[in-house]
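# Observations on the three-dimensional arrangement
These are the residues of each chain, in order.
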Amino acid sequence: MNKLVKLFTIFISAITLTIASISSSFAKVEGEYIVLGSAISLTGKYSSNGVHTQNGYNMAVDRINKMGGVNVGGKSYKFEIIYYDDESNPKRAAQLAERLIKQDGVHYMLGPYSSGLTKAIAPVTEKYKIPMVEANGASRSLFTKGYKYLFAVLSPANQYLEVAIDLAVEKNGGKPVRIAQAFEQDAFSQDVRLGILDAAKRTGSEIIIDDKLPKELNDMAATLAKVKATKPDVLVVSGHTKGALTAIRQISEMKVDVPMLAMTHCDAAKLSKQHGKNSEYALCASQWHKNLSYKDKFFGGGKKYDKDFKKEFGYAPPYQSAESSAALLVFKDAFERANSFDRDKVRDALKTTDMQTFYGNIKFGPGGQNVAKPMILFQVRCKGDSCENKVVAPTKWASDKFYHPIPKWSERS
Amino acid sequence: MDLLIFQAPILMVQASLDGILLGILFALIAYGMALQWGVMNIINIAQGDLVILGGYIAYTMYLVGIHPAWGVIVSPIIMYFVGWALYKLVINKVVDRDLFISILATFGIAIVFQQLMNFVFGADVVVAQSEYGTTMLFDNSVTLPNSKIFAAFISVIYAIGLVIYMRRSRLGRAIRATAQNARAAKILGVDTEKVYAATFGINAALCGVAGALISITLTLHPYVGLPYTVRSFMIVIVAGLGNLPAVALSGMGLGLFEEFADYILGTEFRIGAVFMLLVFILVYRRFKLSKKREYLK
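Quick caveat: nothing in here was measured; it's all calculated off a predicted structure.

### Concerning the overall build of chain A
Along its length, chain A carries 12 helices and 18 strands. Taken over C-alpha atoms, the radius of gyration comes to 24 Å for chain A, in line with the 22 Å a tight globule of 413 residues would show. Viewed in the frame of its principal axes, chain A has a C-alpha envelope of about 95 × 50 × 35 Å. Of all 413 residues assigned to chain A, the portion counted as buried reaches 53%.

### Points about the overall build of chain B
When its secondary structure is counted, chain B shows 12 helices and two strands. What you see in chain B, going N to C, is helices and strands ordered as α-α-α-α-α-β-β-α-α-α-α-α-α-α. The globule rule puts the C-alpha radius of gyration for 297 residues at 19 Å, and the 19 Å found for chain B is close to it. Principal axes of the C-alpha set define a box for chain B whose edges measure 65 × 50 × 35 Å. Expressed as a percentage of the 297 residues in chain B, the buried residues total 49%. Contacts spanning at least 24 positions in sequence make up 77% of the contacts within chain B whose residues lie at least 6 apart.

### Focus: the environment of B:V72
Residue and element names in this part refer to chain B. Looking at the element boundaries, V72 is found in helix α4 (residues 71-94). C-beta crowding within 10 Å serves as the criterion here: with 24 such atoms nearby, V72 is assigned to the buried category. Along the chain, V72 and I154 lie 82 residues apart, while their C-alpha atoms are 8.0 Å from each other. With residues up to four places along the chain from it excluded, the contact list for V72 reads I154, V209, A212 and L213.

### What about the sheet that holds strand β18 (residues 386-393) of chain A?
Residue and element names in this part refer to chain A. Spatial ordering of the open sheet is given by β9-β8-β10-β11-β12-β17-β18, a layout of seven strands whose pairing is mixed. Taken across any chain shown, the strands that pair with only one partner, and hence form the sheet edges, are β9 (206-213) and β18. On average, adjacent strands in this sheet sit at an angle of 25° to one another, irrespective of strand direction. Bridge count between strand β17 (residues 376-383) and β18: seven bridges; the pairing is antiparallel. Directly across from K383, in β18, lies its bridge partner S386.

### With respect to helix α6 (residues 187-203) of chain A
Residues and elements named next belong to chain A. Compared with the 24 Å implied by 1.5 Å per residue over 17 residues, the 25 Å span of α6 between its first and last C-alpha is a close match. Where α6 is concerned, the buried positions are F188, S189, D191, V192, R193, G195, I196, A199, A200 and T203. In this structure, the buried side of α6 is in contact with α4 (115-127), α5 (162-171), β8 (178-184), β9 and β10 (234-238). Downstream of α6 by a residue or two, G204 has a phi angle that is positive, lying close to 75°.

### A word on the domain arrangement of chain A
Frequently, the measure chosen for interface size is the accessible area that the parts lose on association. Residue and element names in this part refer to chain A. Assigned domains within chain A: domain 1 (27-155 + 291-363) and domain 2 (159-286 + 375-411). The straight-line distance from the C-alpha centre of domain 1 to that of domain 2 is 30 Å. Facing 13 residues of domain 1, the contacting portion of domain 2 comprises 13 residues. Each residue belonging to the side of domain 1 that touches domain 2 can be placed in one class, and the counts come to four nonpolar, eight polar and one charged.

### Details of the confidence of the model for chain A
Confidence along chain A averages 87 in pLDDT terms, with 95% of residues attaining 70 or more. Taken as a whole, residues 23-27 of chain A scores under 50 in pLDDT and shows four contacts with residues more than four places along the chain or in a different chain.

### Comments concerning the interface of chain B and chain A
Each side of the interface is counted separately: chain B has 34 residues, and chain A has 32 residues. Elements with a minimum of two residues in the side of chain B that touches chain A: α2 (10-40), β1 (134-137), β2 (142-145), α11 (244-265) and α12 (270-285) of chain B. A total of five residues in the side of chain B that touches chain A trace back to one element, the largest contributor, which is α2(B). Residue classes in the side of chain B that touches chain A are distributed as 18 nonpolar, 10 polar and six charged.

### Section: the pairing of β9(A)
Residues and elements named next belong to chain A. Sheet topology places β8 next to β9; seven bridges connect them, and they run parallel. Along β9, the bridge assignment pairs Q181 with D210. The handedness of the β8 to β9 crossover, carried by α6, is right-handed.

### Quick word on the packing of helix α7 (residues 170-180) of chain B against helix α9 (residues 192-217) of chain B
Residues and elements named next belong to chain B. Viewed as axis vectors pointing N to C, α7 and α9 meet at an angle of 105°, and their least axial separation amounts to 10 Å. Comparing their axes, α9 and α7 come out roughly perpendicular. In this structure, α7 contributes L171, A174, I175 and T178 to the contact, and α9 contributes T192, V195, A198 and T199. Residue composition of the contact of α7 with α9, grouped by class: five nonpolar, three polar and no charged.

### A closer look at the environment of B:L99
All names here are of chain B. As for its placement among the helices and strands, L99 is situated in helix α5 (residues 99-121). For the pair L99 and N41, spaced 58 residues apart in the sequence, the C-alpha separation amounts to 7.4 Å. Not counting chain neighbours up to four residues away, the residues in contact with L99 comprise N41 and I43.

### Observations regarding the environment of A:L194
All names here are of chain A. Along the chain, L194 turns up in helix α6. Residues L194 and T223 lie 29 residues apart in sequence; the distance between their C-alpha atoms is 19 Å. Contact partners of L194, with chain neighbours within four places excluded, come to R140 and N158.

### Digging into the pairing of β2(B)
All names here are of chain B. Inspection of the sheet shows β1 paired to β2 by four bridges, in the antiparallel sense. Of the residues in β2, the one forming a bridge with L137 is V142. The turn linking β1 back onto β2 is made up of four residues, and F138 within it adopts a positive phi angle of 50°.

### Structural notes on unusual backbone geometry
One can expect most non-glycine residues to show negative phi and most peptide bonds to be in trans. Residues and elements named next belong to chain A. Residue P394 is bonded to the preceding A393 through a cis peptide linkage, with omega at -5°. Relative to the elements of secondary structure, P394 occurs in the segment after β18. Going from H404 to P405, the amide bond is cis rather than trans, its omega being -10°. Within the element layout of this structure, P405 appears in the segment after β18. Its identity as a non-glycine residue notwithstanding, E87 has a phi of 55°, on the positive side. Its location among the elements puts E87 in the loop between β4 (75-85) and α3 (90-102). Notably, S114 is not glycine yet its phi reads approximately 90°, a positive angle. Secondary-structure assignment places S114 in the loop between β5 (108-110) and α4.

### Examining helix α8 (residues 240-254) of chain A
Residues and elements named next belong to chain A. Between its first and last C-alpha, α8 extends 21 Å over 15 residues, near the 21 Å set by a 1.5 Å rise per residue. Burial analysis of α8 places 15 of its 15 residues in the buried class, the great majority of the element. K255, located one to two residues past α8, shows a positive phi value of around 50°.

### Things to note about the packing of α2(B) against α11(B)
All names here are of chain B. In the contact formed by α2 and α11, the axes pass within 6 Å of each other and the chain directions differ by 140°. Between α2 and α11, the angle falls in the class oblique. As for how α2 packs across α11, the hand of that crossing is right-handed. Along the lines of polarity and charge, the residues of the contact of α2 with α11 split into 18 nonpolar, six polar and three charged.

Thresholds applied
- Residues numbered from 1 in each chain as written.
- Chains lettered and ligands numbered in written order.
- Predicted model: local features only at pLDDT ≥ 70, side-chain atom pairs only at ≥ 80, totals over all residues.
- Helix = DSSP H or I, 4+ residues; strand = E, 2+ residues; numbered from the N terminus.
- Rg over C-alpha atoms; globule rule 2.2 N^0.38 Å.
- Buried ≥ 20, exposed ≤ 12 C-beta atoms within 10 Å, placed from the backbone.
- Contact = placed C-beta atoms within 7 Å.
- Pairing = 2+ DSSP bridges.
- Axes fitted to C-alpha atoms, helices over the stretch in contact; angles between N-to-C directions.
- Expected span 1.5 Å × (residues − 1).
- Domains from an automatic or database assignment.
- Nonpolar A, V, L, I, M, F, W, Y, C, P; charged D, E, K, R; others polar.
- pLDDT = per-residue confidence, 0-100.
- Right-handed = clockwise from strand over helix to strand, strands pointing away.
- Parallel < 35°, antiparallel > 145°, perpendicular 65-115°, else oblique.
- Left-handed = near helix turned anticlockwise from the far one by under 90°.

As structure tokens, then:
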């Protein structure tokens, strides 16, 4: 019996020792590298935006490392990121987050692509008290759960199109407007819808059509026929890239005349390229545009970022890449202010972030959302056959005048 | 607001035309499924993915500067060989097993196809432009995209062409014979293996046509195949196997029903209404999904 107890004690202490040695050998900082982890969609339905996100991260890592790295305690460190492919699958993303934290010993995380996947990962990072700076999860529900270790550099989804309603009211001489809206039934689009409901209430506007688009079907002819019959002042559509492309295709085919058309995901859908002239005058919410005059010392301004990104990856950066790059700038700033690798100190430093990046001002609200950066609206404008996105609101950043109302189809060439 | 359609009767015209045009396109896909189901007793879960692949063929042509409408000729030719190869590689290994195995096999094919398309064409939603313009009726209050009219027209031509082919040609007669009684057909000298491969190829070719039409009327994405599979499955269930006019009618009926459900119940119940209809029809007809299998290798 005595022998058994002895054996048991040895066994237990051996396990304890092993665990202890493992957890200290897999440190969050290895040599001169600060190791960050990210589960990202490299395959599956989010793969194109997943790659945009990864390119944004990589670009910022290279830039920061080249320009002196991160100074903590008088020593310079470099960033390194461990990526895993989450296959665009929330369950897989949550598993990978556990793996990054428990097996790879990552102590700081970067977000995945999309609200859905961020929602899957946030409970895990929260459980292990791992600070996560995310750049691609805008759903409002991420910021109402009381997460303490989640920080988002982007504006929450409900703000996407609120500005558009204000703009419509302004153009209507301050009088309330009639709104027709169609939203896909997913977390993000429904959040955008909530924003519109708030704005409608605030301005006393009336919502006359409130359709929910099924995600299986790419046909909204019925909604548009209703719009034609009721003649609203504003039509709001949000259903990711498929929604944007379907809307423009069918609006142009059915010759739906509406004074103002507000949408999301126009740049991700490459609307102006895929639909050309038919997409003209569409008003789109965006997190970022290269013409904004924000600046930082790593990327210069938006235009320089655009140029450098094109040089490195061969295509113009969508806002998903820009915001992902900004996430790294936030981490660097927080490490330097914390002057420590202690997770809670880094978290506290993140909480008091107040900085300007090329992507916009960043300051986190109580829920972790960025409260310092307004959404912008751009409008698709065409010259001949080439179409471009022009920033029209808010006025402070606008490069062009907002064109209102949209000319009728019969008057368009 | 739900009853807008009764306040503005012109919307009924719009809804009916939209529904019928969409329904004809769905009926074409369903026709391929019915053919293959009838001849081989295989429910092809990858049907929708074959459609999308056909669409990507037309889209690729559009990218290199050829008008995507030519896809209705090029796409079925390529897709015939894709279908034929699929049969030789996978389906002929499962064609004599029970229905469940074939559903699993085609489900696997569907996943492989989705990932391949994602890999080759990317996960972005894409459209091909036909620039066909719009037909306006009743003083602009009813609009019909010419691309949809074109799609319905081409679908009808292919369907009629196939019916004639089935009646007149040697292969068509062999296919029909095999569908009726595979054993007897084989005894009388029909190469059933060849018939199966050709049937699968023809089905894939029809999917190719439908896909090319979808690329100019709706949108393409590697993962939107399943709704087309479900739609065609339902049309076939309602129409029954081997009954082409019924497939066409059931396709149009479903399109109509969907559009009206959208106006009356709201867009969010559109798909739900269709499934409710399916339940009613299944109960009413007590449809027997099991057909006696007789396969010969």
